[in-house]
Amino acid sequence: MSRLFKIIMISTISMNAFSLVLWTDYKTRYKLFTLYEVSELIFVSIYSSEFCMKLYVDPINYWKDGYNLLDVIIIITVFIPYSLHKIKGKHYPYLHIADGIQSLRILKLITYSRGIRTLITAVGQTAYTVASVLILLFVLMYIFAILGFCLFGAPDRGDLNNWGNLAVAFFTLFSLATVDGWTDLQQQLDDRNFALSRTFTIIFILLASFVFLSMFVGVMIIHTEDSIKKFKRELMVERHVTLMEEKQVILKRQQEEVSRLMQTRKNVDYKSFSELVEIFKKTLRHTDPMVLDDFGTSLPFIDVYLSTLDNQDTTIYKLQELYYEIVHVLSLMLEDLPQKEQSQSSEKVDEK
Amino acid sequence: MATYHQAGHMQLPRADAIRSRLIDTFSLIEHLQGLSQAVPRHTIREILDPSHQKKLMLGDQHQLVRFSIKPRRVERITHGQRMMSSLRVRCSQRPPLSLWAGWVLECPLFTNFIIFLIFLNTIVLMVEIELLESSNTKLWPLKLTLEVAAWFILLIFILEILLMWLSSFFLFWKNAWNVFDFFVTILSLLPEVVVLVGVTGQSVWLQLLRICRVLRSLKLFARFRQIRVIILALVRALKSMTFLLMLLLIFFYIFAVAGVYFFEDYTRSTRQDLEYHMFFSDLLNSLVTVFILFTMDHWYALLQDTWKVPEVSRAFSSIYVILWLLLGSIIFRNIIVAMMVTNFQNIRNELNEEMTHLEVQHKADIFKRQIIQRRQNLSPEALRSSLSKTDARDASQPEESLVLEASQEKSQHSAAEEGSRASASKTKESLSKMKKSSSSSSSSSSSSSSSYSSSSYDSRYFDSLGQLDWETHVHQNLPGLMEMDQDERVVWPRDSLFRYFELLEKLQYNLEERKRLQEFAVQALMNFEDK
């Protein structure tokens, strides 16, 4: 994906988004009809050519990337109005819905923006939790919907508007959960003198709005923290790895230089590195100071290193002693065994 | 690279690193290529030391000097300090006016005076607005005093801005709080200027501009450190949420445009009792409606209203509304809350970073002392091996404590260290000789080494009873130690440094050899057992 391609695609998609805004107004569409048709044609052709190019480059792995699947879906939605037009004729009532779905085209921008992609991966890891909380909420609503339908939706004296069938009951409950205009709904139930209505509503509001929706926030906070921490750690590790690789490269280069130097001088008389620097060493004087401030030549490091080495020595010494003891015990066991056998065989002979 | 290592040696990355460090420090490559003149041989200390400097100047004046650049943990250098060190200021006869202006601005008396004036301004404004309408003639002197006070305060603020400009014009604009101050003052100055110039009429505008005086009390925010910290944290949290807000805007766009198309029939219907008729009429209205739905206000009423029109399919409209509610208002809002909480936590942690850094340094300090303690415990018991070693240790130990405590005085420091380095290098030579001989297991030195290690074994045994084992302890404290030593510099004599690197490299090979010998011994033991 070269930079030029990215720039072209981003500008195309933005232009498309902007033109979609223009075509929402009927008057503009009426006046600039030819422009509308031509621009639609151009955009559709650009999208399909992008699709074909990407597919041609990598036929099999193309389907594994989620963003490519998004592109495919958007291409399909772009072609829906045409196909509906052809198949069902001009006055299909749902034609304007197909037009409305065109606004999804702007989602193609996400592929080209790295920041939003990282955000979506970070947030997407919380998707599982989100889905489970929503399903739990749905189950709760289902229980209360059936309860409400039985209690308040009976055809004779019930409130048919709000609790008449399951779908309407769901809507009413969702309205209660998002505590929007619930007092009006409660008022209607009160007008019909239902005994339990207040308890029912208050319990449901407490459960759904306070408990569930707040739990939603809490769960999202925890998961967002986790995923952000993980993401940052991965970034650090990646940076560390590249740094190490660069250091290795420098090291290798230095080694190559020295070996090259030695190769050139090899035929002269030097045989190894230490002989090579013998002469250099002789030029070093004791009174020449060298000021160093790196960790490897500092006093605490020397102390720590020597102490660690001493520790290592003691451990090895202890190990050696243990080994000697093992050998000693094993040799004792070996001596004991044949004697035991002899005594056993002598016992058997005695018994006989 | 067969010629790189000695014959028959395995490749050790650690030894390679030490050798490369040696080559780097001494610039061996240049020396071996015959370019000895290209290598800097002197350090900055010698140039700054007057006695050394004379000697160098008398000799060859075309020598190269090695600078070592290290990031030091310095506090911020103020503008005043910078100006004082500039050559122009030091050579002039009188201090420049900007220095005086900077001093005045930082003087606590002046800053408290300004804060007091801001409070006074707020009070004056409040009283003035109350008295604006009353036409009581007895209150006229009060009104006069209030007006005079307001003008006086404005003049002082202008004077403060002039002082800041005098102190440093360009730095003024870099600080956002100063720019804010500037704009507030200009805004409150504008109505007076306009009145003076003589533009009449449009008193509403003037009233509004006068009210901008109230904004001056916002200047208070810049003065108190706590408020500043909170606002900075808020701005940083918002900055890190830019992508989230962009994503939200994209979704707003999608649902707004889709809304216009979905509810076309609703907009075009001719029924008279639709409350929200114009809510999806064109894109701007649709955007506002989407925002209304985002705040979950009267969404059910809106939905029921759309159901009144029979052409609108109930399924699609309810899917639209419910989907947007779930996605935007429930999921997105909570994502925003979650991100703000995480960001606030991160920001608080970063602001506390100073404290954690100090803690780590403190621990590293304790660790250093522990190491010294261990060496001290070791020295009386190692008397058997060689007297020179104990002498060196005892000599190095007070030197090392001197090093720790007087790390600021570098000259004293370097003199002590040179002495300790010289003895310590001898120590290390004898130590490494012992290690080499222990790996070849000759009897006399091995006995001394075993006695040495048995003594250290005793002391270690008592030491390590109550705490973590040595390895984990070292690993925990090592990073702190590495960061801590940024201010100390060690002066090495050149040949000892060379010898140190050489010995360190040989030590790695010897340790590796010992490990292999150990493994052979274990193998032999296993084979013996099978018999």
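As annotated in an unreviewed UniProt entry, chain B carries the name Cation channel sperm-associated protein 2 isoform X1 and comes from Ceratotherium simum simum. Annotation of chain B in UniProt includes, under Subcellular location (unreviewed entry), the sentence "Membrane".

The name given to chain A in an unreviewed UniProt entry is Cation channel sperm-associated protein 3 isoform X1, and the organism recorded there is Ceratotherium simum simum.

Q: Sorry if this is basic, but what is going on with the overall build of chain A here?
A: In terms of helices and strands, chain A carries 14 helices and one strand. A separation threshold of at least 6 residues defines the contact pool for chain A, and within that pool the share at least 24 residues apart is 63%. Working note: accessible area of chain A is about 22,000 Å², and carbon and sulfur atoms make up 66% of it.

Q: Where do I start with a positive patch on the surface in this structure?
A: Residue and element names in this part refer to chain A. On the surface, a cluster of positive charge is made up of Arg 3, Lys 6, Arg 114 and Arg 117. Elements with a contribution of two residues or more to the positive patch: helix 1 (3-23) and helix 6 (114-124). Its place among the elements puts Lys 6 in helix 1. The exposure class assigned to Lys 6 is partly exposed, which follows from its relative accessible area of 34%.

Q: In this structure, what is going on with the packing of helix 9 (residues 166-177) of chain A against helix 18 (residues 299-307) of chain B? I would like to understand it.
A: Each pair of packed helices can be described by the angle between their axes along with the distance between the axes. Relative to each other, helix 9 of chain A and helix 18 of chain B sit at 150 degrees, their axes nearing to 10 Å. Considering the angle they form, helix 9 of chain A stands roughly antiparallel to helix 18 of chain B. The residues of helix 18 of chain B that touch helix 9 of chain A, namely those facing Val168(A), Phe171(A), Thr172(A), Phe174(A) and Ser175(A), are Trp299(B), Tyr300(B), Leu303(B) and Trp307(B).

Q: Sorry, what's going on with the interface of chain B and chain A here?
A: Reports of interface size often rely on the accessible area that becomes lost once the parts have come together. The partner chain A presents 97 residues to the 113 residues of chain B that form the contact. Carbon and sulfur atoms make up 71% of the area that chain B and chain A hide from each other, which totals about 10,400 Å². At the boundary of chain B with chain A, the tally comes to two salt bridges. Across the pair Asp313(A) and Arg514(B) runs a salt bridge, and its minimum N-O distance is 2.6 Å. At the boundary of chain B and chain A, one finds eight residue pairs in polar contact (both at pLDDT 80 or more). Examining the composition of the side of chain B that touches chain A, we find that 18 residues originate from one element, helix 25 (residues 494-530) of chain B, more than from any other. Of the residues belonging to the side of chain B that touches chain A, the class tally is 64 nonpolar, 21 polar and 28 charged.

Q: So what exactly am I meant to see when it comes to the nonpolar core here?
A: Considering soluble globular proteins, one finds that nonpolar side chains tend to be buried as a cluster. Core analysis: the largest hydrophobic core is formed by 89 residues, its most contacted members being Leu173(A), Phe204(A), Leu244(B), Trp299(B), Tyr320(B) and Trp324(B). Among the elements that take part in this core, helix 15 (residues 242-262) of chain B stands out by supplying 15 residues, more than any other. Other than its neighbours up to four places away in sequence, Leu173(A) contacts Met141(A), Phe144(A), Ala145(A), Trp163(A) and Phe204(A). Residues Met262(A), Ile302(A), Leu306(A) and Ile23(B) belong to the second largest nonpolar core, which totals 23 residues.

Q: I'm lost on the environment of Phe344(B) in this one. Help?
A: Residues and elements named next belong to chain B. Position of Phe 344 among the secondary structure elements: in helix 19 (residues 314-351). A relative accessible area of 35% places Phe 344 in the partly exposed class. Residues Phe 344 and Ile 230, spaced 114 residues apart in sequence, show a C-alpha to C-alpha distance of 9.7 Å. Residues within four places of Phe 344 in sequence aside, it is in contact with Ala 233 and Leu 234.

Q: Sorry if this is basic, but what is going on with the packing of aromatic side chains here?
A: To describe a pair of aromatic rings, one takes the distance between the centres and the angle between the planes. Scanning all chains against the criterion turns up 42 aromatic pairs over all chains. Each ring, one from Tyr62(A) and one from Trp63(A), has its centre 5.3 Å from the other, and the planes form 85 degrees; the classification is edge-to-face. Each residue in the set Phe252(B), Phe255(B), Phe262(B), Phe263(B), Tyr266(B), Phe280(B), Phe291(B), Phe294(B), Phe316(B), Tyr320(B) and Trp324(B) is aromatic and connected to the rest through ring pairs, giving one cluster. The lysine or arginine in question, Arg117(A), covers the ring of Tyr67(A), its NZ or CZ lying 5.7 Å from the ring centre. Sitting over the face of the ring of Phe294(B), Arg333(B) holds its NZ or CZ atom 5.9 Å from the ring centroid.

Q: How do you make sense of helix 9 (residues 140-167) of chain B when you look at a structure like this?
A: Given 3.6 residues per turn, any residue in an α-helix points the same way as the ones three and four places further on. Along its 28 residues, helix 9 of chain B runs 41 Å from first to last C-alpha, staying within 8% of the 40 Å computed at 1.5 Å per residue. Three or more residues of helix 9 of chain B are buried, namely Leu146(B), Ala150(B), Ile153(B), Leu154(B), Ile156(B), Phe157(B), Glu160(B), Ile161(B), Leu163(B), Met164(B) and Ser167(B).

Q: Looking at this structure, I do not really get a nonpolar patch on the surface. What am I missing?
A: All names here are of chain A. Taken together, the side chains of Ile 202, Ile 203, Leu 206, Leu 207, Phe 210 and Val 211 present a nonpolar region at the surface, about 530 Å² in accessible area. Note that Ile 202 resides in helix 11 (residues 197-266). A relative accessible area of 46% places Ile 202 in the partly exposed class.

Q: Please clarify how the UniProt feature "transmembrane region" (unreviewed entry) in chain A should be interpreted in this entry.
A: Residue and element names in this part refer to chain A. As annotated in UniProt, the feature "transmembrane region" (unreviewed entry) corresponds to residues 7-26, 69-85, 127-151, 163-182 and 202-223 in the numbering used here. Spanning residues 69-85, this segment combines 100% helix with 0% strand, and its end C-alpha atoms are found 25 Å apart. Span residues 202-223 is 100% helix and 0% strand, its end C-alpha atoms 30 Å apart.

Q: Got a minute to help me understand unusual backbone geometry in this structure?
A: Glycine aside, residues mostly have negative phi, and peptide bonds are mostly found in the trans state. Non-glycine residue Val179(A) carries a positive phi angle of around 30 degrees. Inspection of the secondary structure assignment puts Val179(A) in the loop between helix 9 and helix 10 (182-191). Positive phi values are uncommon outside glycine, yet Met296(B) reaches one of about 55 degrees. Given the relative accessible area of 16%, Met296(B) is considered buried.

Q: Where do I start with the confidence of the model for chain B in this structure?
A: Atomic detail in the predicted coordinates should be set aside for any region of low pLDDT. Residue and element names in this part refer to chain B. Confidence in the prediction of chain B, expressed as mean pLDDT, is 72, and 71% of residues score 70 or more. The weakest mean pLDDT in chain B belongs to helix 22 (residues 410-440) at 36; the strongest belongs to helix 17 (residues 283-294) at 92. Here residues 1-8 is modelled with pLDDT under 50, and outside its nearest four sequence neighbours on either side it reaches 13 contacts, counting other chains as well. Predicted confidence for residues 381-466 stays below pLDDT 50, and this span has 86 contacts to residues more than four positions away or in other chains. For this predicted complex, the interface confidence reaches an ipTM of 0.71, while the overall pTM sits at 0.60.

Q: It is not clear to me how the packing of helix 14 (residues 225-240) of chain B against helix 19 of chain B should be interpreted in this structure. Could you clarify?
A: All names here are of chain B. As a packed pair, helix 14 and helix 19 sit with axes 9 Å apart at the nearest point and diverge in direction by 130 degrees. It follows from the interaxial angle that helix 14 and helix 19 lie oblique. As for the relative orientation of helix 14 and helix 19, their crossing is right-handed in sense. In this structure, helix 14 uses Val 229, Ala 233, Leu 234, Arg 236, Ala 237 and Ser 240 to contact helix 19, whose residues at the interface are Met 340, Asn 343, Phe 344, Ile 347, Glu 350 and Leu 351. Taken together, the residues of the contact of helix 14 with helix 19 sort by class into eight nonpolar, two polar and two charged.

Q: Would you mind going over the pattern of salt bridges with me for this structure?
A: Any two side chains of opposite charge can pair, on the condition that their charged atoms come close. On inspection of all chains with the given rule, the structure shows 12 salt bridges over all chains. Among the ionic pairs, Glu50(A) bridges to Lys108(A), the shortest N-O distance being 3.2 Å. Within this pair, whereas Glu50(A) is found in helix 3 (residues 33-57), its partner Lys108(A) is found in the loop between helix 5 (95-101) and helix 6, the two being separated by 58 residues in sequence. Each member of the pair, Glu50(A) as well as Lys108(A), carries the same accessibility label: buried. Between Asp305(B) and Lys308(B) there is a salt bridge; the shortest N-O distance is 3.1 Å.

Scoring rules and cut-offs
Residues numbered from 1 in each chain as written. Chains lettered and ligands numbered in written order. Predicted model: local features only at pLDDT ≥ 70, side-chain atom pairs only at ≥ 80, totals over all residues. Heavy atoms only, no water. UniProt positions renumbered as here; feature names shortened; annotations may be inferred. Helix = DSSP H or I, 4+ residues; strand = E, 2+ residues; numbered from the N terminus. Contact = heavy atoms within 4.5 Å. Areas by Shrake-Rupley, 256 points an atom, 1.4 Å probe, with all protein chains shown as cover. Patch = residues over 30% accessible without salt bridge, like charges linked within 9 Å, V, L, I, M, F, W, Y side chains within 5 Å. Salt bridge = Lys/Arg side-chain N within 4 Å of Asp/Glu carboxyl O. Lys, Arg positive; Asp, Glu negative; His and termini not counted. Charge placed at Lys NZ, Arg CZ, Asp CG, Glu CD. Buried < 20%, exposed > 50% of the residue type's maximum accessible area, 1.4 Å probe, protein only. Axes fitted to C-alpha atoms, helices over the stretch in contact; angles between N-to-C directions. Parallel < 35°, antiparallel > 145°, perpendicular 65-115°, else oblique. Buried area = accessible area lost by both parts, 1.4 Å probe. Polar contact = N/O pair within 3.5 Å; in protein donor to acceptor, adjacent residues only side chain to side chain. Nonpolar A, V, L, I, M, F, W, Y, C, P; charged D, E, K, R; others polar. Core = buried A, V, L, I, M, F, W, Y, C linked by side-chain atoms within 4.5 Å. Phe/Tyr/Trp six-rings, centres within 6.5 Å; stacked < 30°, edge-to-face > 60°. Lys NZ or Arg CZ within 6 Å of the ring centre and 35° of its normal. Expected span 1.5 Å × (residues − 1). pLDDT = per-residue confidence, 0-100. Left-handed = near helix turned anticlockwise from the far one by under 90°.

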